[in-house]
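Coordinates in review
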Amino acid sequence: MHVIYGGTFDPIHHGHLRLAVELCDRLEVARVSLVPCHIPPHRGDTGASASQRLKLMELAVRGEPRLHIDDRELRRAGASYTADTLRQLREELGPDHPLVMVVGTDAFAGFDRWREWERIPELGHIVVVRRPGPALDPGSAPAMLLASRGVEEAASLRHSPAGCVLELDPPLLDISATGIRDRIADGRSPRYLIPDSVWDEIRRQGLYGACPDGNF
Ligand code: ATP
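Throughout this document, residue positions are counted from 1 along each chain, in the order its sequence is written. The model is predicted, so local features are restricted to residues of pLDDT at least 70 and side-chain atom pairs to those at 80 or more, both for listing and for counting; the totals for chains, interfaces and linings are taken over all residues. Only heavy atoms go into the side-chain values, all of them from the structure, while hydrogens and water stay out.

**Brief notes about the pattern of salt bridges**
When their charged atoms lie close together, side chains carrying opposite charge are able to pair. Note on definitions: salt bridges are taken to be side-chain nitrogens of Lys or Arg within 4 Å of carboxyl oxygens of Asp or Glu. Enumeration over the complete set of coordinates arrives at 19 salt bridges. Here Asp-106 makes a salt bridge to Arg-131, at a shortest N to O gap of 3.3 Å. Of the two residues, Asp-106 sits in helix 5 (residues 105–109) while Arg-131 sits in the loop between strand 5 (125–129) and helix 7 (141–149), which places them 25 residues apart along the sequence. Relative accessible area serves as the criterion here: at 49%, Asp-106 is assigned to the partly exposed category. Of the charged contacts in the structure, one is a salt bridge between Asp-200 and Arg-203, with a shortest N-O distance of 2.9 Å. In this pair, Asp-200 and Arg-203 both sit in helix 9 (residues 196–205), three residues apart, roughly one turn of the helix. The buried label goes to any residue with under 20% of its type's maximum accessible area, the exposed label to any with over 50%, and the partly exposed label to all in between, with areas taken from a 1.4 Å probe on protein chains only. We classify Asp-200 as partly exposed; its relative accessible area is 42%. Exposure remark for Arg-203: the relative accessible area of 10% places this residue in the buried category. When salt bridges with common partners are traced through the structure, they connect Arg-18, Glu-22 and Arg-26 into a single cluster. Every helix listed is a DSSP run of H or I at least four residues long, and every strand listed is a run of E at least two residues long, numbered separately from the N terminus.

**Structural notes on the site of the ligand**
The cutoff for a nearby residue is simple: one of its non-hydrogen atoms must lie within 4 Å of the molecule or strand. Near the ligand there are 20 residues, and of these Tyr-5, Leu-173, Ile-175, Ala-177 and Thr-178 occur at the shortest range. Counting of polar contacts relies on pairs of N or O atoms within 3.5 Å, with two restrictions inside protein: one atom must be capable of donating a hydrogen and the other of accepting it, and residues adjacent in sequence are counted only when both atoms are side-chain atoms. Between the ligand and Tyr-5, the relevant distance is 2.8 Å, taken from an oxygen atom to a side-chain nitrogen or oxygen of the residue. Here the ligand loses 87% of its free accessible area of 600 Å² to cover by the protein chains. Its residues assigned to classes, the shell around the ligand comprises seven nonpolar, nine polar and four charged. Each accessible area is a Shrake-Rupley estimate made with a 1.4 Å probe; only the visible protein chains count as cover when residues are assessed. All residues other than Ala, Val, Leu, Ile, Met, Phe, Trp, Tyr, Cys, Pro, Asp, Glu, Lys and Arg, Gly among them, are scored as polar; the first ten of these are nonpolar and the last four charged.

**Thoughts on the pairing of strand 7 (residues 165–168)**
Any two strands with at least two DSSP-identified bridges between them are counted as paired. Bridge count for strand 5 against strand 7 is four bridges, and the pairing is parallel. Each residue of the ladder has a partner; that of Val-127, found in strand 7, is Leu-166. Relative to strand 7, strand 6 (residues 150–151) runs parallel, the two being bridged by two bridges. Across the sheet, residue Gly-150 finds its bridge partner in strand 7, namely Val-165.

**What about the sheet that holds strand 1 (residues 2–7)?**
Read from one edge of the open sheet, seven strands run 3-2-1-4-5-7-6, paired in parallel fashion. The sheet terminates laterally at strand 3 (67–69) and strand 6, the two strands that pair on one side only. Where strand 4 (residues 99–104) lies against strand 5, five bridges are found, and the strand directions are parallel. Along strand 5, the bridge assignment pairs Gly-104 with Val-129.

**Regarding the nonpolar core**
Each nonpolar core is a collection of buried residues, namely Ala, Val, Leu, Ile, Met, Phe, Trp, Tyr and Cys, held together in the definition by side-chain atoms within 4.5 Å. Counting residues in hydrophobic clusters, the biggest one holds 44 residues, and the most contacted among them are Tyr-5, Leu-23, Leu-27, Val-32, Leu-34, Val-127 and Ile-202. With seven residues, the single largest contributor to this core is helix 1 (residues 14–27). Those residues in contact with Leu-27, other than ones at most four positions away along the chain, are Met-1, Val-3, Val-127, Ala-154, Leu-157, Arg-158, Leu-166 and Leu-168. Ranked by size, the runner-up nonpolar core spans 21 residues in total, among them Met-101, Trp-117, Leu-145 and Val-165. Throughout, a residue-residue contact means that at least one pair of heavy atoms, one from each residue, lies within 4.5 Å.

The quantities given are spatial measurements derived from coordinates; they are silent on function.
Next comes the structure, spelled out in C-alpha cells:
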C-alpha cells in the first residue's frame, strides 16, 4: 500500500511528523510519503521557497526510514493538483496496487472544489484525519462521499486499489506552521515545536525573518 500525505509544510513541524508516524502504525505500512506542494492552488505565497521547504523536510526525516519525502510536485511546472499526482503514481504503481491519500477534515470539507475531485476516488483511497473544527455538513458532497464509500477498518484499504474513504482520529499535536512563522517573525523561539535540525537551518538561512543569532 502506498500512502501519500501532502501539504505546504511551510515549515514542517512535529504535528506533521507525529501524524506521519501514527499513519505508519495505524495503516500498518512501512513508509509514508510526505509530498510538499509547489504552488498551492488554494493559497497565496509561501514563507519559504519550494527548495527551502524541501531542505527543511529532508533534515526533519533524516534517520527515520518510515518517512520519505516525495518531491514530484516541486519538479512539476505550474500548480500542483492532487488528481495529477495520483494519476502519475497510479501509472508507476500499476492498476492493482492500493494507493492512499491523506487529508485533514478541514481540507476534505472543501474536497468538491478540488480540480477533478470526482476522479480522485477512482485513483486512490482517501484517509480523512479528524482535526478540530466543524463537522462535515451532512448534505455536502464530501459527507455523501464518506457515507457511500466509508470503511471502518484500515485493513479494508488493502482489498482494492482505490475507492474507499476511511476516517481516522489519531492524537494530534496542537501545532501549526502559521504559529511557527508568526513566532519566528516576532523574535520568539519555536524550539520543541520543530526538530532542532530544522530550527538550526531556518536560523542559518534566516528564513521566516529569523536572525542567525536571535530567537532564543
Ligand atoms: P498552515 O498553518 O501554514 O496552514 P499547517 O501547519 O496547517 O500549515 P499544512 O502544510 O497546511 O500545515 O498541512 C499539511 C497537512 O498536515 C494537512 O493535511 C493538515 O491537515 C495537516 N496538519 C497540519 N497541522 C497538523 C497537526 N498539528 N497535526 C496533524 N496534522 C496536521
